[in-house]
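For reference, the chains in residue letters:
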Amino acid sequence: MSVFPRRRIGVGILGCGNVGSALVGLLEEQRSAIAGRTGMELDVVRVAVRRALRDRGAALADGVLTTDAASVVNDPEVDVVVELIGGVEPARELIAAALGLGKPVVTGNKELLAGHGADLYAAADAAGVDLLFEAAVGGGIPLIRSLRESLAAEPVRRVMGIVNGTTNYILSQMTEHGAGYQDALAEAQSLGFAERDPTADVEGFDAAAKASIIATVAFGVRVPAAGVYREGISGISAADIAHARRLGYVVKLLAIAERVGPVEDKPELAVRVHPAMVPMGHPLASVRDSFNAVFVEGDAVGELMLYGRGAGGRPTASAVLGDLVDAAGNRCRGTWTPIGDLGEAVVCPIGHLESEYYINMEVLDRPGVLAAVAGVFGRHGVSIRSMEQEGLGQQARLVFITHQAAERGVQATLGDLRQMESVRGTPALLRVVGYSS
């Protein structure tokens, strides 16, 4: 690829919503600083939108807006394409077209990368141009760049983090103010932290897509979103939160990608999203409200944590702008930052993992029930570390913390408990996490 001689870089943006309009504003604010540090003038020359008449809250010159996204990609004045429309199509087609034309692409599209990232990374490397996606995970937190560059030679053991601000806000309200799940969700919606339909956030789909991307980058292997185990927070009760806190834990929705098998050949990974009890002394326990944080554990570097705003127009636009500056600079130098060859991974099913567990259940308060319940645990090889009993009139609440146990044994235990006539309702389960040993 020949060296790109121009220092003026034409930027084409696909989508000008919350993040796109914030990006346009940041580009204008930082124009002089970027030019002074890099020698590049980044000019927004084309912006594709669905409805041209809508107020974008961003100052754009006449003739910049268009409703024809393909024309932005094909415009010879556009040197770098920024994709912010979201979804799979037409975003995938537009990004592939830009890469095919030898134009670097910056995107924040986690859904697309989680499902089709491997193909797009290969297309970018084949074209010798950048495909950068810092904003796809963690908003303004520089996680992807850290994993791709600073930790490229680090044998990463585990990446574990809070990567969804909506659920963290809800759980923070439940923890700090004793709110029930529905009340905390309603407050999050009223403040704009949660969508009218919050399913993608509260059921873990958003976090699972991010976990897929994190695992792919951290371990250099293909981990599609379909390989990520997922649970949301809609089943978490105020009682679970209160019991966790009394026992010295905070409940968080975590995305976890960890190495559980060999490093060479096909590494065995566990990639999952689920609510978990985090010890109060762990750095992630203090991450509140809509903030995100990711904890990285490596063989050589030890423990690192990246923390910041995981969403919002300006924080996310800041991550996009950082990628844009990198892509433009590489374009001028005739180089790019490859994702590298992605290997195959064995993704370990959740049933093969081990953890400590919190189990909360209501039972009839009569002689022999506790012994019968304990017998079910023992039958499946699940050892009880601690137990609390709370009277509830003619019923009682039993709260267990297990020793390290196999997931399949715990699930078999729950299955048998649900069949017992003395057990009322469905027992609640939370996994307990801490530092890697």
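Residues numbered from 1 in each chain as written. Predicted model: local features only at pLDDT ≥ 70, side-chain atom pairs only at ≥ 80, totals over all residues. Heavy atoms only, no water.

1. With respect to the pairing of strand S14 (residues 354-364)
- For S14, the tally of buried residues reaches 8 of 11 residues, placing the bulk of the element in the interior.
- Relative to strand S17 (residues 405-406), S14 runs antiparallel, the two being bridged by 2 bridges. Paired with glutamate 354 across the strands is alanine 406, a residue of S17.
- For S14 and strand S18 (residues 423-432), the ladder comprises 7 bridges, and the chain directions are antiparallel. Directly across from isoleucine 359, in S18, lies its bridge partner leucine 429. (Buried < 20%, exposed > 50% of the residue type's maximum accessible area, 1.4 Å probe, protein only. Helix = DSSP H or I, 4+ residues; strand = E, 2+ residues; numbered from the N terminus. Pairing = 2+ DSSP bridges.)

2. What to know about unusual backbone geometry
- With an omega of 10°, the peptide bond running from glutamate 89 to proline 90 counts as cis.
- Relative to the assigned elements, proline 90 resides in the loop between strand S4 (80-83) and helix H4 (91-100).
- A positive phi angle is found at aspartate 289, which is not glycine, with a value near 55°.
- For aspartate 289, the location among the structural elements is in the loop between strand S10 (268-279) and strand S11 (291-298).

3. Considering the nonpolar core
- Within the largest apolar cluster, 77 residues are counted, with the highest numbers of intra-cluster contacts made by Phe133, Ile170 and Met277.
- By residue number, the principal contributor to this core is helix H10 (residues 205-219), which donates 9 residues.
- Beyond its immediate chain neighbours, meaning those up to four positions away, isoleucine 170 contacts Tyr181, Ala184, Leu185, Ala188, Val202 and Ile233.
- Of all hydrophobic cores here, the second largest spans 30 residues; its members include Ile9, Val24, Leu27 and Leu42. (Core = buried A, V, L, I, M, F, W, Y, C linked by side-chain atoms within 4.5 Å. Contact = heavy atoms within 4.5 Å.)

4. Structural notes on the sheet that holds S4
- Read from one edge to the other, the open sheet built from 6 strands follows the order S3-S2-S1-S4-S5-S6, with strand pairing classed as parallel. Because the sheet does not close on itself, it has two edges, and the strands there are strand S3 (65-66) and strand S6 (131-132).
- Of the pairings in the sheet, the one linking strand S2 (residues 41-48) to S3 comprises 2 bridges and is parallel in character. From the neighbouring strand, valine 47 faces S3, where its bridge partner is leucine 65.

5. Re empty space enclosed by the protein
- Within this structure, the stated rule accounts for 3 cavities of 30 Å³ or more.
- Here the largest cavity is characterised by a volume of approximately 110 Å³.
- Every residue lining the largest cavity is listed: Asp130, Leu132, Phe133, Glu134, Ile144, Arg145, Arg148, Glu149, Asp323, Asp326, Asn330 and Thr337.
- Residue assignment for the lining of the largest cavity shows that the elements contributing at least two residues are helix H6 (143-150) and helix H12 (313-333).
- Counting residues per element, the lining of the largest cavity draws most heavily on H6, at 4 residues.
- Classifying every residue of the lining of the largest cavity by side-chain character gives 3 nonpolar, 2 polar and 7 charged.
- The calculated volume of the second largest cavity comes to roughly 50 Å³.
- Tyr121, Ala124, Asp125, Val129, Asp130, Leu131, Phe133, Arg148, Trp336, Thr337, Pro338 and Ile339 together form the lining of the second largest cavity.
- Element by element, the count of residues in the lining of the second largest cavity is highest for helix H5 (residues 110-127), at 3 residues.
- Among the residues forming the lining of the second largest cavity, the class breakdown is 8 nonpolar, 1 polar and 3 charged. (1 Å grid on protein atoms, 1.4 Å probe; cavity = no way out; pocket = protein on both sides within 12 Å on 5 of 7 lines; lining within 4 Å. Points joined across faces, edges and corners; volume = space filled by probe spheres on them. Nonpolar A, V, L, I, M, F, W, Y, C, P; charged D, E, K, R; others polar.)

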